[in-house]
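This is what each chain is made of:
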Amino acid sequence: MGKIISIFNQKGGVGKTTTAVNLAAALGIAGKKILLVDVDPQGNSTSGFGINKQKALVTSYEVLIGTARVADAVCKTEYKNVSVMPSKSDLAGAEIELTEMDRRESRLKSALLQLREEYDYIFIDCPPSLGLIAINALNASDSVMVPIQCEFFAMEGLSQLMATVRQVKRLYNPTLELEGVLLTMYDGRLNLTQQVVAEIKKYFAKKLYSTVIPRTVRLSEAPSYGMPIQYYDKRSKGADAYGKLAKEFLKNNRG
């Protein structure tokens, strides 16, 4: 049975989607069957795998509001072992529509149960907010991975994020665990980076990945070509970092 992991931080611009796309691709290359579920209305994970959002007839929006079968929303990509459930801007309206629906906090969970046996890992790329879509993602998940940017405001909002995770655990999903905390946009030459790392280690020593994701031009270029970094430039520092993260992730999951 596939493990479901939300990649979540309510702060934008922390490398959440970059991690979703490139970790999924790295695990696919490692031979694992992966589904990436895009529930961010911006749809950046969708376009990161070269899928045209505007041409996607069935997306996570239709799945959440119950007008389409979950199997119909899954698109195979041209990249090894990776499928995507796409998203587009329609999903922004689901926050409002869900408030009126039965089981509004567990609709994604019910949908993904139908696919769980088909994949080794299912990743959910969450929106950068603490609304009903994010609650659906956390409720559907076994664990949550938190990317944190190595900058001054990294800890700001982290307590709120962890409070949300604890609340979802208490109200809806008692088995939800912290998968790990990932440092992104890392530049070891900066004193500030070292200070942020030291602070995060105080709180998450056992859950902090030893792999860090560097700030690189190639990582930021790859999405505009609709390619994960491993396919855009497999010799880049970014490809190397996500390859190491995939190995560490699999070791933690005995994969």
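One can find the structure itself at the top, above this paragraph.
The shown structure was predicted, so the numbers you read here are calculated from the model rather than taken from an experiment. (Residues numbered from 1 in each chain as written. Predicted model: local features only at pLDDT ≥ 70, side-chain atom pairs only at ≥ 80, totals over all residues. Heavy atoms only, no water.)

A.B. asks: What am I meant to see in the state of the cysteines here?
C.D. replies: Defined simply, a disulfide is a covalent bond joining two cysteines at their sulfur atoms. For the coordinates displayed, the defined rule picks out 0 disulfides. With no disulfide of its own, C75 has C126 as its nearest cysteine by sulfur position, at a separation of 19 Å. (Disulfide = S-S within 2.5 Å.)

A.B. asks: Help me understand the sheet that holds strand 7 (residues 177-186) in this model?
C.D. replies: As a general point, the strands of a sheet are linked pairwise by backbone hydrogen bonds and lie either parallel or antiparallel. Taken in spatial order, the 8 strands line up as 3-4-2-5-1-6-7-8 in an open sheet, and their pairing is mixed. Of all the strands in the sheet, the pair left with one neighbour each is strand 3 (75-76) and strand 8 (208-214). Along the sheet, helix 8 (residues 191-204) contacts strand 6 (143-149), strand 7 and strand 8; its crossing angle with strand 7, the most-contacted strand, is approximately 175°. (Pairing = 2+ DSSP bridges. Helix = DSSP H or I, 4+ residues; strand = E, 2+ residues; numbered from the N terminus. Contact = heavy atoms within 4.5 Å. Axes fitted to C-alpha atoms, helices over the stretch in contact; angles between N-to-C directions.)

A.B. asks: Any chance you could explain the environment of V144 here in plain terms?
C.D. replies: Assignment of secondary structure puts V144 in strand 6. For the pair V144 and I7, spaced 137 residues apart in sequence, the C-alpha separation works out to 5.9 Å. Setting aside anything within four residues of it in sequence, one finds V144 in contact with S6, F8, L138, V165, L176, E177, L178, E179 and G180.

A.B. asks: In this structure, what is going on with the side chain of D40? I would like to understand it.
C.D. replies: Summarising the element assignment, D40 is placed in the loop between strand 2 (34-38) and helix 2 (44-48). In terms of polar contacts, D40 uses its side chain to reach the side chain of K16, at 3.4 Å. In this view, D40 contacts K16, S87, L91, D125, C126, P127 and P128; residues no more than four positions away in its chain are not counted. (Polar contact = N/O pair within 3.5 Å; in protein donor to acceptor, adjacent residues only side chain to side chain.)

A.B. asks: Any chance you could explain the nonpolar core here in plain terms?
C.D. replies: One finds V37, V39, M85, L108, L112, I124 and I200 to be the most contacted residues of the largest nonpolar core, which totals 49 residues. Among the elements that make up this core, the one with the highest residue count is helix 6 (residues 132-140) (7 residues). In this view, I124 contacts I4, I5, S6, I7, V37, V39, L108, L112, A137, A140 and S141; residues no more than four positions away in its chain are not counted. Residues I5, I7, A25 and L250 belong to the second largest nonpolar core, which totals 33 residues. (Core = buried A, V, L, I, M, F, W, Y, C linked by side-chain atoms within 4.5 Å. Buried < 20%, exposed > 50% of the residue type's maximum accessible area, 1.4 Å probe, protein only.)

None of this, on its own, says anything about what the molecule does.
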